Each structure stands twice: as C-alpha cells, then as structure tokens.
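# Structure at a glance
Here is what each chain is made of, one letter per residue.
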Amino acid sequence: NTKEFCRDCADAAHAFRRGHACLRYTGRAAELVRGMKYRGESYVCEAAGDLMARRYFSLADPESGELPAWDAVVNAPMSARKRQLRGYDQAELIASAFARRVRLPHLRGALARTADTAVMSSLGREERLRNLTGTIACKADPGGGATILLIDDVYTTGATADTCAEALLDAGAAAVDVFVFAIGADGRRADE
C-alpha cells in the first residue's frame, strides 16, 4: 500500500513494488539513525531490526492473518571504503536481525557497491540517481522468480532503493519490496 509508505511512492514510479517504513525520521528515530551511521553505535542495529520485525507482524491482513510473503531478505550495500571506515554496514546488521526474527533467509552480500559515490546527503533524487548509476550490482542469484525484501536504514528519495531493486530484478528476482527503519516525516526527504 503506497499510501502507507509515503507521498513519494504515490507521486513517483519506482522499480520496487511497494514499501514499508517502521518509523518516521524525527526525534528519537532520527537520533538512533545518526548514532548507527555517525557515532559507531552498531548495537542500535539489533534494536532497529527488532522494531522492524514487530512492524512486520503488524502488517498481517486483519481478515486472514496472512503476512506479506517474501522469499529472502537483502540489504542495501555500503561501499567497501565506508564499511572499512565505519567498521560495519548498518543496513546489513539491521537486515540480519530482522531476518532472524521473522525466519527468512538473509542473502548477505547479494548486492555490492562496485564504485564509491559522492556524499548524497545534499543531493536531490535525480542527482542521487545519476550518482548511483552503474554502482550497485547483484553478486548472488536471488533465485529465479523470487520475491525479495530489500532492507535499508533510511529512505530519502528512493534512489538507492530503485537502484538496488533494478539490480535484483535484472538478476532474476520476480519482485522487490522495500522496508526501511526510518522515512522522512510526512514523506519528505529524511535529511531535510
């Protein structure tokens, strides 16, 4: 349900089928993300994965109790340089925690950054897409016809989600959904 995700999904076409967010990027959620990304607080990733699992279970159809079905979880990749500097990839840690809790396989390393990109926090959607062009590749077979859940920490413009989804679809995935820990409040960019 795109209305549930954000204004961006209602207003723009995306490579992914649908998206979900756990929290809005405001207040404490924004502090948690900044801690994961900039203050070395890797332990927060486990809690983020747990909160996302709780949100997942709340997505059950009220009539049937049926949950959204995915074949595997894949995380948005971080460049090798950033990972080395940070010491971990927060999206990978979040995805691992989430996958364990909901009992889905996590295809660790399925996506990889093939080149470093410019810092994107000040870029708009089109600039981010240009910045990401050709920099994310699928390194693992997601399974022909598989439905993949892409996990990331923050949804800003959808450029990373689209680039990752395109790589997975090109590799044979049937569909890609996106689930993020935080999204900009009221559908605005998370870094505004």
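Look above for the structure.
The paragraphs below set out a description of the structure included in this document. (Residues numbered from 1 in each chain as written. Predicted model: local features only at pLDDT ≥ 70, side-chain atom pairs only at ≥ 80, totals over all residues. Heavy atoms only, no water.)

### Concerning the overall build of the chain
Looking only at helices and strands, the chain features eight helices and six strands. Reading the chain from its N terminus to its C terminus gives the helix and strand order α-α-β-α-α-β-α-α-β-α-β-β-α-β. Each of the 192 residues in the chain was classed as buried or not, and the buried ones make up 52%. Nonlocal contacts in the chain, meaning residues at least 24 apart in sequence, comprise 78% of its contacts between residues at least 6 apart. In the structure as shown, the chain presents an accessible area of about 9,100 Å², 48% of it carried by carbon and sulfur atoms. (Helix = DSSP H or I, 4+ residues; strand = E, 2+ residues; numbered from the N terminus. Buried < 20%, exposed > 50% of the residue type's maximum accessible area, 1.4 Å probe, protein only. Contact = heavy atoms within 4.5 Å. Areas by Shrake-Rupley, 256 points an atom, 1.4 Å probe, with all protein chains shown as cover.)

### Re the sheet that holds strand β2 (residues 72-75)
Here we have four strands laid out as an open sheet, ordered β1-β6-β5-β2, and parallel in their pairing. Strands with a single pairing partner mark the edges of an open sheet, and in this sheet they are β1 (19-25) and β2. With strand direction ignored, the average angle separating the axes of adjacent strands in the sheet is 20 degrees. Taken together, the six bridges between β1 and strand β6 (residues 175-184) define a ladder with parallel strand orientation. Counterpart to Y25 in the pairing with β6 is G184. (Pairing = 2+ DSSP bridges. Axes fitted to C-alpha atoms, helices over the stretch in contact; angles between N-to-C directions.)

### Things to note about the side chain of Q90
With respect to the secondary-structure elements, Q90 resides in helix α6 (residues 90-102). At 2.9 Å, the side chain of Q90 and the side chain of D153 are in polar contact. What Q90 contacts, discounting residues up to four positions off in sequence, is M36, K37, C45, M78 and D153. (Polar contact = N/O pair within 3.5 Å; in protein donor to acceptor, adjacent residues only side chain to side chain.)

### Examining the pairing of β6
Across the 10 residues that make up β6, a large majority, 10, are buried. In terms of strand pairing, strand β5 (residues 147-155) meets β6 through eight bridges, oriented parallel. Among the inter-strand pairings, V154 is bridged to a residue of β6, identified as A182. One crossover worth recording links β5 to the parallel β6 by way of helix α8 (residues 159-170), and it is right-handed. (Right-handed = clockwise from strand over helix to strand, strands pointing away.)

### With respect to α6
Spacing of three or four residues puts side chains on the same side of an α-helix, whose turn is 3.6 residues. Across its 13 residues, α6 extends 18 Å between first and last C-alpha, which sits within 8% of the 18 Å expected from 1.5 Å per residue. Of all 13 residues in α6, 10 are buried, a share of seventy percent or more. Looking at α6, one finds that the buried residues are Q90, A91, E92, I94, A95, S96, A97, F98, A99 and V102. On its buried face, α6 sits against α3 (27-38), α4 (43-57), β2, α5 (80-86), β5 and β6. (Expected span 1.5 Å × (residues − 1).)

Without other data, these values stay purely geometric and don't point to any function.
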